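Now for the letters of each chain:
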Amino acid sequence: MSRSRRDFVWIPTFAVLVAFAVPWPLWGVDRVVAGLPVWIWWHVAWLGLCAVLFSRFVRSGAWERGMGRRPESESGSTPGGDRP
């Protein structure tokens with residue numbers, strides 16, 4: 001299976017997401033913003049970033065290529081045409 005160079009960009013992207021999922025820079029910080037600890041806001045922002053990047057990952061077709069399937073845009077089928 002051949003993969004484009006764009007697909008290999010996702011590997012370090014997800015490695016960075018995993019590395020910073022834990023708020024390392026905020027350990028020992030007791031600061032509160034809008035009634036919640038700063039580390040909670042870190043997680044809220046981080047999960048938003050993860051959702052946006054995962055959406056781009058799926059839309060790029062890298063998910064289908066990684067699973068050994070052809071993306072719908074390349075297969076020539078109509079969107080939702082062969083789905084139940």
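The text that follows walks through the structure, step by step, so that each part is easy to find.

Analysis parameters
Residues numbered from 1 in each chain as written. Predicted model: local features only at pLDDT ≥ 70, side-chain atom pairs only at ≥ 80, totals over all residues. Heavy atoms only, no water. Helix = DSSP H or I, 4+ residues; strand = E, 2+ residues; numbered from the N terminus. Buried < 20%, exposed > 50% of the residue type's maximum accessible area, 1.4 Å probe, protein only. Contact = heavy atoms within 4.5 Å. Expected span 1.5 Å × (residues − 1). Arc of directions from axis to C-beta. Axes fitted to C-alpha atoms, helices over the stretch in contact; angles between N-to-C directions. Parallel < 35°, antiparallel > 145°, perpendicular 65-115°, else oblique. Left-handed = near helix turned anticlockwise from the far one by under 90°. Nonpolar A, V, L, I, M, F, W, Y, C, P; charged D, E, K, R; others polar. Phe/Tyr/Trp six-rings, centres within 6.5 Å; stacked < 30°, edge-to-face > 60°.

### Re the overall build of the protein chain
Helices and strands together make up the secondary structure of the protein chain, namely four helices and two strands. When the helices and strands of the protein chain are listed from N to C terminus, the series reads α-β-β-α-α-α. Residue burial in the protein chain is summarised as follows: out of 84 residues, 15% are buried. In the protein chain, of all internal contacts separated by at least 6 residues, the share reaching a separation of at least 24 is 45%.

### Section: helix H1 (residues 5-19)
Note that an α-helix has 3.6 residues per turn; residues three or four places apart therefore point the same way. The terminal C-alpha atoms of H1, which comprises 15 residues, lie 23 Å apart, in line with the 21 Å expected from a rise of 1.5 Å per residue. Among the residues of H1, Asp7, Trp10 and Leu17 are the ones counted as buried. One face of H1 carries all of its buried residues, which in axial projection span an arc of 60°. Opposite its buried face, H1 presents the exposed residues Arg5, Val9 and Ile11, each directed more than 90 degrees away.

### Overview of the packing of H1 against helix H2 (residues 38-59)
At a minimum axis separation of 11 Å, H1 and H2 run at an interaxial angle of 165°. With respect to each other, H1 and H2 are oriented roughly antiparallel. Of the two elements, H1 crosses H2, and the hand of that crossing is left-handed. Where H1 abuts H2, its residues Trp10, Thr13, Phe14, Val16 and Leu17 lie against Trp46, Leu49, Cys50, Leu53, Phe54, Arg56 and Phe57. Its residues placed into classes, the contact of H1 with H2 shows ten nonpolar, one polar and one charged.

### Overview of the environment of threonine 13
Within the secondary structure, threonine 13 sits in helix H1. Residue classification places threonine 13 among the partly exposed residues on the basis of a relative accessible area of 22%. C-alpha of threonine 13 to C-alpha of leucine 53: the two residues are 40 residues apart in sequence and 8.7 Å apart in space.

### Quick look at the packing of aromatic side chains
Taken as a whole, this structure holds six aromatic pairs when the rule is applied. Residues tryptophan 10 and phenylalanine 14 carry aromatic rings whose centres are separated by 5.7 Å and whose planes lie at 25° to one another, so their mutual orientation is stacked. Placement of both tryptophan 10 and phenylalanine 14 in helix H1 is noted, with a separation of four residues, approximately one turn of the helix. Here phenylalanine 14 falls in the partly exposed class, since its relative accessible area comes to 25%. Plain terms: the ring middles of phenylalanine 14 and phenylalanine 57 are 5.1 Å apart, the flat faces sit at 90° to each other, and that makes the pair edge-to-face. Within this pair, whereas phenylalanine 14 is found in helix H1, its partner phenylalanine 57 is found in helix H2, the two being separated by 43 residues in sequence. Within the aromatic cluster, the residues linked to one another by ring pairs are Trp10, Phe14, Phe54 and Phe57.

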